[in-house]
Amino acid sequence: MYIANNNNCWFTNVGEAFIDIGVKNIFKNIMRKNSEIEYGTITPMSKYYIGKCDSDKAISPEKWFYPDLLILAGMYATESVACSKGGIRDMVMQMKANGTKVAFLGMGGNKYNQEEQRTVVEMFDEMRPEFVITRDKQTYDLYKNFVNCKRGLDCAFWLDDDFKPGKMKHNSYICSTFNRSDEPKVLLDLENLIHPWHMQDALSKSRTKYLNKENLMISDSPYDYLTLYANADRVYTDLVHATIPCLVYETPVKYYWIDNRSEAFYSISYIKIDNNGFLSIDKEMLRKEKKEIEKFIENSIKVM
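Rules behind the numbers
- Residues numbered from 1 in each chain as written.
- Predicted model: local features only at pLDDT ≥ 70, side-chain atom pairs only at ≥ 80, totals over all residues.
- Heavy atoms only, no water.
- Axes fitted to C-alpha atoms, helices over the stretch in contact; angles between N-to-C directions.
- Helix = DSSP H or I, 4+ residues; strand = E, 2+ residues; numbered from the N terminus.
- Parallel < 35°, antiparallel > 145°, perpendicular 65-115°, else oblique.
- Left-handed = near helix turned anticlockwise from the far one by under 90°.
- Contact = heavy atoms within 4.5 Å.
- Nonpolar A, V, L, I, M, F, W, Y, C, P; charged D, E, K, R; others polar.
- Phe/Tyr/Trp six-rings, centres within 6.5 Å; stacked < 30°, edge-to-face > 60°.
- Buried < 20%, exposed > 50% of the residue type's maximum accessible area, 1.4 Å probe, protein only.
- Salt bridge = Lys/Arg side-chain N within 4 Å of Asp/Glu carboxyl O.
- Pairing = 2+ DSSP bridges.
- 1 Å grid on protein atoms, 1.4 Å probe; cavity = no way out; pocket = protein on both sides within 12 Å on 5 of 7 lines; lining within 4 Å.
- Points joined across faces, edges and corners; volume = space filled by probe spheres on them.

Visitor: Any chance you could break down the packing of helix α1 (residues 15-31) against helix α11 (residues 283-302) for me, citing the residues and the numbers?
Guide: As a packed pair, α1 and α11 sit with axes 10 Å apart at the nearest point and diverge in direction by 65°. Overall, the two elements α1 and α11 adopt an arrangement that is roughly perpendicular. Relative to α11, α1 is oriented so that their crossing is right-handed. Within the contact between the two elements, α1 uses Ile26, Phe27, Asn29 and Ile30 and α11 uses Glu294, Ile297, Glu298 and Ile301. In terms of residue class, the contact of α1 with α11 is made up of five nonpolar, one polar and two charged.

Visitor: Outline the packing of aromatic side chains, listing residues and values.
Guide: Considering all chains together, one arrives at 13 aromatic pairs under this definition. Judged by centre distance (5.7 Å) and plane angle (20°), the ring pair of Phe27 and Tyr39 falls under stacked. Remark: Tyr39 occurs in strand β2 (residues 38-42) and Phe27 occurs in helix α1; sequence separation between them is 12 residues. A relative accessible area of 1% places Phe27 in the buried class. Ring plane angle 85° and centroid distance 5.6 Å describe the contact between Phe124 and Tyr143, whose orientation is recorded as edge-to-face. Placement of Phe124 in helix α5 (residues 114-127) and of Tyr143 in helix α6 (residues 137-143) is noted, with a sequence separation of 19 residues between them.

Visitor: Go over the pattern of salt bridges with me, naming the residues and quoting the values.
Guide: What the rule picks out here adds up to 20 salt bridges. The salt bridge partner of Arg261 is Asp259, with a shortest N-O separation of 2.8 Å. The shortest N-O distance in the salt bridge between Lys302 and Glu298 comes to 3.4 Å. A residue pair is termed a helical-turn pair when its members lie 3 or 4 positions apart in one helix, as Lys302 and Glu298 do in helix α11 at four residues. Via salt bridges that share partners, Asp160, Asp161, Lys283 and Lys290 belong to a single interconnected network.

Visitor: Just give me the short version of unusual backbone geometry, but keep the residues and values in it.
Guide: With a phi close to 50°, Arg128 is a non-glycine residue in the positive phi region. Note that Arg128 resides in the loop between α5 and β5 (132-134). Backbone geometry places Asn192, a non-glycine residue, at a positive phi of 60°. Following the sequence through the fold, Asn192 ends up in the loop between β7 (174-177) and β8 (193-196).

Visitor: Tell me what's going on with the environment of Thr134, and back it up with residues and numbers.
Guide: Its location among the elements puts Thr134 in strand β5. Taking the C-alpha atoms as reference, Thr134 lies 20 Å from Asp161; in sequence the two are 27 residues apart. Excluding its chain neighbours within four sequence positions, the residues that come into contact with Thr134 are Gly106, Met107, Thr139, Tyr140, Cys149, Lys150, Arg151, Gly152 and Leu153.

Visitor: Before we move on, could you go through the sheet that holds β2 and cite the residues and values that matter?
Guide: The six strands lie next to each other as β2-β1-β3-β4-β5-β6, forming an open sheet whose pairing is parallel. Each edge of the sheet is formed by a strand with only one pairing partner; in this case those strands are β2 and β6 (149-151). Taken over all neighbouring pairs, the strand axes of this sheet differ in orientation by 20° on average, direction set aside. Alignment of strand β3 (residues 69-73) against strand β4 (residues 101-107), held across five bridges, turns out to be parallel. Among the inter-strand pairings, Leu69 is bridged to a residue of β4, identified as Lys101. On the sheet, helix α4 (residues 88-97) packs against β1 (2-6), β2, β3 and β4 and is oriented at approximately 165° with respect to β3. The strands touched by α5 within the sheet are β4 and β5, with β4 carrying the most contacts at an inclination of about 145°.

Visitor: Can you break down empty space enclosed by the protein residue by residue, with the values?
Guide: Here the idea is plain: a probe the size of a water molecule rolls over the atoms and shows the empty space left. Enumeration according to the criterion identifies one cavity of 30 Å³ or more in this entry. Looking at the largest cavity, the residues that line it are Ile26, Leu105, Gly106, Ile133, Leu153, Cys155, Trp158, Ile293 and Ile297. Within the residue set of the lining of the largest cavity, elements represented by two or more residues are β4 and α11.

Right, here's the structure in full:
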């Protein structure tokens, strides 16, 4: 069986890379006992980048590839995906016409309302996924009665299965990652602040407020960000996918709420919040849940 992950938009949001690395690790773990599984990736991002000039020149992966199982991981339970024309939905349906089956991992939503639910259920009716694993309780509650659904975790919780960049010798520093909201003024007086920026493709001279900060960090490699978070003294952030790597690498992290996507960690029963608002997670309970999810995927694949 050939399984392909639909690799997402790493250079428009490096947090998507953290998800895709996690997917690779999930199947790497499963493949240790299932040598018949092959794993690879595809990407639809050519249309986004080339579309700025001439989208007709971009490759359409569905015209060339049709794996046995296509994995869609991340925030796919949204109206923008479910209602897209010429986007992911059309790509999946053409692959299905060539025999590809589909499954969702770490699935999350955006609005979590009835209209979003309606459009996503319509998408499920068309795609007929083999299974859906959600990343939070809200998403699970919305779709558990419509598809073969399991409440699970964001795939970024598998980052440390094969990349453990902590314990590098370094000077003391703090990360302040505010890419969706203004950096809290209370942080401005802290010393040794490093400011990562996750949306590489969007950084331009128009972002003057951000570009005026000291110790800016931007990279085309997701591993640079992970190394930074793993070795930080602590992290302040408004990003879900800066928070999750910190939880994985046991770096104290304080999240500043933006929207309900934060349920990707707040809905986990073994998340911990100290008196100063810093988050941590019970790593042993996390390990057990990850193994349970891997077993569910393995069993689901075997009956396809």
